Amino acid sequence: MKINKMIVVVLIAMACGQSNTRKSQTITNDMSDSYLFLLGTYTDSPEQGIHLLEFNPGKNGFNLLSSATDPENPSFVIANKSQNLVFSVEETAGDEGGKVSSFALNKGVISKINSVSAAGDAPCYLSLDPSEKFVVAANYSEGNFSVIPVEAEGRLQPAVQVVNHKGNSVNPNRQKQPHVHAVVFHPQDGRLLVADLGTDEVVVYDFDPNQEKPLVEDPHFRLQVKPGAGPRHLVFDAAGETLYLIHEITAEIGVYSYQDGFLEHVETQSLLEQGFTGRVGAAEVRLYDKYLYASNRGEANEIIGFQIVDQGKLKHIQTISSGGNGPRNFNITPDGKFLVVGNQNSNTLLAFSRNPESGMLTSTNHRFEIHKPVYINFLP
């Protein structure tokens, strides 16, 4: 079920019945170049949670359409292919650990279905397998990941598999133990790749969604990344032949070739401008067409652009300020015309226009204040 953007906006406007210049502005019938997206956040008060927003660059910029205030710290949020189900982490810890929650998305309203244990503390990343029968959660603090069944109507069942990583690496402040930071399915063969910041590894697992326990827990392959790099997020090219891995601790992009479940290092590119000596914290990596973008936090607070050239290698084209502090996440509109960044520490969303020919970004005047934006998921 695709979401009709016009219906969503009209229904929300009717339901609100009041004027709020920050959250909802005048709606017109011209919905061209309008984009809907889910926003995951950290929460400090009851009105915060998962938000559904519209970005309309030709009209009013950002509009907050609706919110789900049930989850605590829904810092990572995804939707299924039909866009009628939403899944989020609840990045919490303690006696009960973290949670994974499911929601129905119907005519712009996000309503909770249920929650289950993530089987570990501080879940920070989710992926649906290609069959959408399972959701996999990465638990950062626990250093493990869990495989959670999804029923047809979106209800979650308790985890059927939990895999605990072991080991550490050379950074005494960040790598005393495993820290699973991303779980991503290969776009072609369906294998699961797990990035572990704490052990400096990307681990490849075989995965068969037709099995009750779909994961083969004995790894197919382990890629040992440069010690101290801190693997965080990763993305494949469309063919699934090249993997781009962000190294959080060293603020780099690693390029790796992929074939039959095996990875081989091609090159590493720094995200830092020459002479930079401040604190860093590389965060997100996105790919659109022949261009790749990454974010760097710390004292840099930048978006860095690369052109993909021969054999998947990268050529730096641009470094631009993120327009705020802590660009933990950003995403590109489905048509490639805009990039929207969430600056977590300055509580802002900011839009950049994107030149499809050169890949260059230009800051716009579209800015939106919202509490701790940490993950952006566009709904095509």
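Here, the structure is the one placed above.
Throughout, residues of each chain are indexed from 1 in the direction in which the sequence is written. Reporting in this predicted model follows two pLDDT cut-offs: at least 70 for local features of residues, and 80 or more for side-chain atom pairs to be given and counted; totals over whole chains, interfaces and linings ignore these cut-offs and use all residues. Water and hydrogen atoms were dropped before computing side-chain values, which therefore reflect all heavy atoms in the structure.

Description of the overall build of the protein
Inclusion rule: Segments assigned H or I by DSSP are reported as helices when at least four residues long, segments assigned E as strands when at least two residues long, and all are numbered from the N terminus. Using a 1.4 Å probe on the protein chains alone, a residue whose accessible area is under 20% of its type maximum counts as buried, one over 50% counts as exposed, and one in between counts as partly exposed. For the accessible areas, the method is Shrake-Rupley and the probe is 1.4 Å, while residue cover comes only from the protein chains on display. In summary, the charge assignment counts Lys and Arg as positive and Asp and Glu as negative, without counting His or the chain termini. All charge positions are set by atom: Lys at NZ, Arg at CZ, Asp at CG, Glu at CD.
When its secondary structure is counted, the protein shows one helix and 28 strands. Principal-axis analysis of the C-alpha atoms gives the protein an extent of 55 × 50 × 35 Å. Within the protein, the fraction of its 380 residues that count as buried is 57%. For the protein, the computed accessible surface area is about 15,500 Å², with 45% contributed by carbon and sulfur atoms. Of the side chains in the protein, 30 bear a positive and 42 a negative charge, and the two mean positions are spaced by 4 Å.

As for the sheet that holds strand 28 (residues 373–379)
Where we set the bar: At least two bridges found by DSSP between two strands is the condition for calling them paired. Axis angles are defined between N-to-C directions and span 0 to 180 degrees, where every axis is a line fitted to C-alpha atoms and, for a helix, only to the segment in contact.
Strands sit in the order 3-2-1-28 across an open sheet of four strands; the sheet is antiparallel. Sheet topology places strand 3 (61–68) and strand 28 at the edges, where each strand pairs with a single neighbour. In this sheet, neighbouring strand axes are inclined to one another by 30° on average, regardless of whether the strands run parallel or antiparallel. Pairing analysis gives six bridges linking strand 1 (residues 35–41) to strand 28, with the strands arranged antiparallel. In the sheet register, Leu 38 faces strand 28, and the bridge partner there is Asn 377.

Thoughts on unusual backbone geometry
If you check the backbone angles, Ala 119 has positive phi at about 65° while not being a glycine. Here Ala 119 shows up in the loop between strand 7 (109–117) and strand 8 (123–128).

Looking at the pattern of salt bridges
Filter applied, for reference: Criterion for a salt bridge: a side-chain nitrogen of Lys or Arg within 4 Å of a carboxyl oxygen of Asp or Glu.
Taken as a whole and judged by the stated rule, the model has 13 salt bridges. Of the charged contacts, one joins Glu 90 and Lys 112 as a salt bridge, the two residues approaching to 3.5 Å between their closest N and O atoms. Here Glu 90 is found in strand 5 (residues 85–90), whereas its partner Lys 112 is found in strand 7, with 22 residues between them in sequence. Taking the relative accessible area as the measure of exposure, Glu 90 reaches 5% and is therefore buried. Glu 248 is the partner of Arg 232 in a salt bridge, and the nearest nitrogen-oxygen pair spans 2.9 Å. One end of the pair, Arg 232, is in strand 16 (residues 231–236); the other, Glu 248, is in the loop between strand 17 (242–247) and strand 18 (252–259), and 16 residues separate them in sequence. When its relative accessible area of 6% is taken as the criterion, Glu 248 is described as buried. One salt-bridge network, in which partners are shared between bridges, spans Arg 174, Arg 232, Glu 248 and Arg 297.

Re the sheet that holds strand 14 (residues 201–205)
Within the open sheet, the four strands sit side by side as 12-13-14-15. Their pairing is antiparallel. Edge strands, defined here as strands with exactly one partner in the open sheet, are strand 12 (180–185) and strand 15 (221–224). In this sheet, neighbouring strand axes are inclined to one another by 15° on average, regardless of whether the strands run parallel or antiparallel. Alignment of strand 14 against strand 15, held across four bridges, turns out to be antiparallel. Pairing of Val 203 across the sheet is with Arg 222, part of strand 15.

A closer look at the environment of Glu 248
Note the cut-off: Residues are treated as being in contact if the distance between any of their heavy atoms lies within 4.5 Å. Pairs of N or O atoms within 3.5 Å make up the polar contacts considered here, provided that, within protein, one atom can donate a hydrogen while the other can accept it, and that residues adjacent in sequence are counted only when both atoms are side-chain atoms.
Note: C-alpha distance between Glu 248 and Phe 262 (14 residues apart in sequence) is 22 Å. What Glu 248 contacts, discounting residues up to four positions off in sequence, is Arg 174, His 181, Leu 197, Ala 229, Gly 230, Arg 232, Gly 281, Ala 282 and Arg 297. At a separation of 3.3 Å, a polar atom in the side chain of Glu 248 contacts the side chain of Arg 297.

Let's talk about the pairing of strand 12
For strand 12, a buried count of six out of six residues is recorded, marking the element as mostly surrounded by other parts of the structure. Sheet analysis places strand 12 next to strand 13 (residues 192–196), joined by five bridges and oriented antiparallel. Looking at strand 13, one finds that Phe 185 is bridged to Leu 192. Taking the residues that link successive antiparallel strands as the turn, the strand 12-strand 13 hairpin has six residues, and the phi of Gly 190 there is positive, at about 80°.

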